[in-house]
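Remarks on the overall topology
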Amino acid sequence: MKPKIIRTIAELRHEINHYRLNAGTIKSTVGFVPTMGYLHEGHASLLRRSAADNGLTVLSIFVNPLQFGPNEDLDKYPRDEEHDIRIASQAGTDLIFIPEVKEMYPQRNVTEVTVEEITDRLCGSSRPGHFNGVATVVTKLFNIVQPNRAYFGLKDAQQIAVISRMVRDLNIPVEIVPCPTIRENDGLALSSRNVFLGQEERRQALVLSRTLSKVTDWIAGGMTAPQLIAQIAEEIRREPLADIDYADVLNYPDLSLLPSQLPLQQASGSLIIALAVRFGKTRLIDNRLLIPVEVGEY
Ligand code: PAF
């Protein structure tokens, strides 16, 4: 069935309330996939998962100005509503919420949600204010949709860590469901920003997934965190167009530092190896999570 397009908060609340009142008890849950649009197979996989788990799947498409810095790509962020609606309907979406900026922010926000510590590193330090913008809009969207479950891709692993912590700290009654990163056949992690890569940049960007695929061998060889970071940087710099924003290895999900003398194979919990690299004007992120088997796979 074609999803219903909704542009106001009042109408969305009305539709969801109506569903909840009439759904009965079998699969009466609401699944939510917040996005900034320009949907790709990664988003479609989140929508399909939500549709399989829940009775109602809500997608939001909103390019949130609050999470872009003054010199970032807010104005250039790719948009294609028709394409998004097509992908969303094929993936089992019931409601698509596409608000204007003035619907989400009718007046200047004087209230913000700030998650500390986990936002000190990686994208939090290279994009100051970004996670305040994300935490604030996600809180607003959670309050509007009141979903039982919300689905996020692990390509943005720091975002998942921040939102999961926020939900716990603020007792927001939603289950955060992390879902695997979806890649092209050659390994490039799907991202709405991939569309900006020139042919040669696209080719050289494969260094990210290629490097991440080698880290387990390097760790098994006895490397410490500083050694692994240096090895990763050396590998990435072999591609002349790659300009490293950050390359780091941290505990996950609290993103705390590892002792610099500790061989990483002796680390007890989950680790994240996270990269942000510019190719021309396009900044790409990717990561690999190493999770002890007894904790379970993401
Ligand atoms: O991951 C994104 O697309 C955005 O950060 C989100 C979660 C939709 C908030 O604007």
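First, a word on scope: everything that follows refers to the structure included in this document. (Residues numbered from 1 in each chain as written. Predicted model: local features only at pLDDT ≥ 70, side-chain atom pairs only at ≥ 80, totals over all residues. Heavy atoms only, no water.)

As a further point, take the pairing of strand β9 (residues 282–290). The side chains of a regular strand alternate, residue by residue, between the two faces of the sheet. Summarising burial for β9: 8 of the 9 residues are buried, a large majority. Between strand β8 (residues 271–279) and β9, which follow one another and run antiparallel, lie 2 residues, and Gly280 among them has a positive phi close to 60 degrees. (Buried < 20%, exposed > 50% of the residue type's maximum accessible area, 1.4 Å probe, protein only. Helix = DSSP H or I, 4+ residues; strand = E, 2+ residues; numbered from the N terminus. Pairing = 2+ DSSP bridges.)

Near the ligand the following residues occur: Pro34, Thr35, Met36, Asn64, Gln67, Val134, Val137, Val138, Phe152 and Gln159. Between the ligand and Gln67, the relevant distance is 2.6 Å, taken from an oxygen atom to a side-chain nitrogen or oxygen of the residue. Gln159 places a polar side-chain atom, nitrogen or oxygen, 2.7 Å from an oxygen atom of the ligand. At 3 residues, helix α6 (residues 130–145) tops the list of elements feeding residues into the shell around the ligand. The residue makeup of the shell around the ligand, split by class, is 6 nonpolar, 4 polar and no charged. (Near = heavy atom within 4 Å. Polar contact = N/O pair within 3.5 Å; in protein donor to acceptor, adjacent residues only side chain to side chain. Nonpolar A, V, L, I, M, F, W, Y, C, P; charged D, E, K, R; others polar.)

Looking now at the sheet that holds β8. Pairing is antiparallel in the open sheet, where 3 strands are placed in the order β7-β8-β9. Whereas interior strands pair on both sides, the edge strands pair on one side only; in this sheet they are β7 (242–251) and β9. Recorded for the sheet is a direction-independent mean angle of 10 degrees between the axes of neighbouring strands. Of the pairings in the sheet, the one linking β7 to β8 comprises 9 bridges and is antiparallel in character. Pairing of Asp243 across the sheet is with Arg278, part of β8. (Axes fitted to C-alpha atoms, helices over the stretch in contact; angles between N-to-C directions.)

Within a sheet, neighbouring strands are paired by backbone hydrogen bonds and run either parallel or antiparallel to one another. Taking strand neighbours across the sheet as the criterion, the 6 strands line up as β1-β4-β3-β2-β5-β6 in an open arrangement whose pairing is parallel. Bordering the open sheet on either side are β1 (4–6) and β6 (175–179), each of which pairs with just one other strand. Between one strand and the next, the sheet's axes are offset by a mean angle of 25 degrees, whatever the strand orientation. Relative to the sheet, helix α2 (residues 41–53) contacts β2 (30–35), β3 (56–61), β5 (149–153) and β6, its axis offset from that of β5 by approximately 155 degrees. Strand contacts of α6: β2, β3, β4 (95–97), β5 and β6, with the helix running at about 150 degrees to β2, the strand carrying the most contacts. (Contact = heavy atoms within 4.5 Å.)

Another point: the packing of aromatic side chains. Tallied over the full model, the rule gives 3 aromatic pairs. Taking 6.3 Å as the distance between ring centres and 70 degrees as the angle between the ring planes, the aromatic pair formed by Phe32 and Phe142 counts as edge-to-face. One end of the pair, Phe32, is in strand β2; the other, Phe142, is in helix α6, and 110 residues separate them in sequence. For Phe32, a relative accessible area of 1% translates into the label buried. Ring centres of Phe68 and Tyr77 lie 5.9 Å apart, and the angle between their planes is 75 degrees; on these two criteria the pair is classed as edge-to-face. (Phe/Tyr/Trp six-rings, centres within 6.5 Å; stacked < 30°, edge-to-face > 60°.)

On to helix α10 (residues 225–237), then. Under the 1.5 Å per step criterion, the end-to-end length of α10 is 18 Å for 13 residues, consistent within 8% with the ideal 18 Å. Where α10 is concerned, the buried positions are Ala225, Leu228, Ile232, Ala233, Glu235 and Ile236. For α10, the buried positions fall inside an angular range of 160 degrees around the axis, keeping them on one side. Against α9 (207–220), β7 and β8 lie the buried residues of α10. (Expected span 1.5 Å × (residues − 1). Arc of directions from axis to C-beta.)

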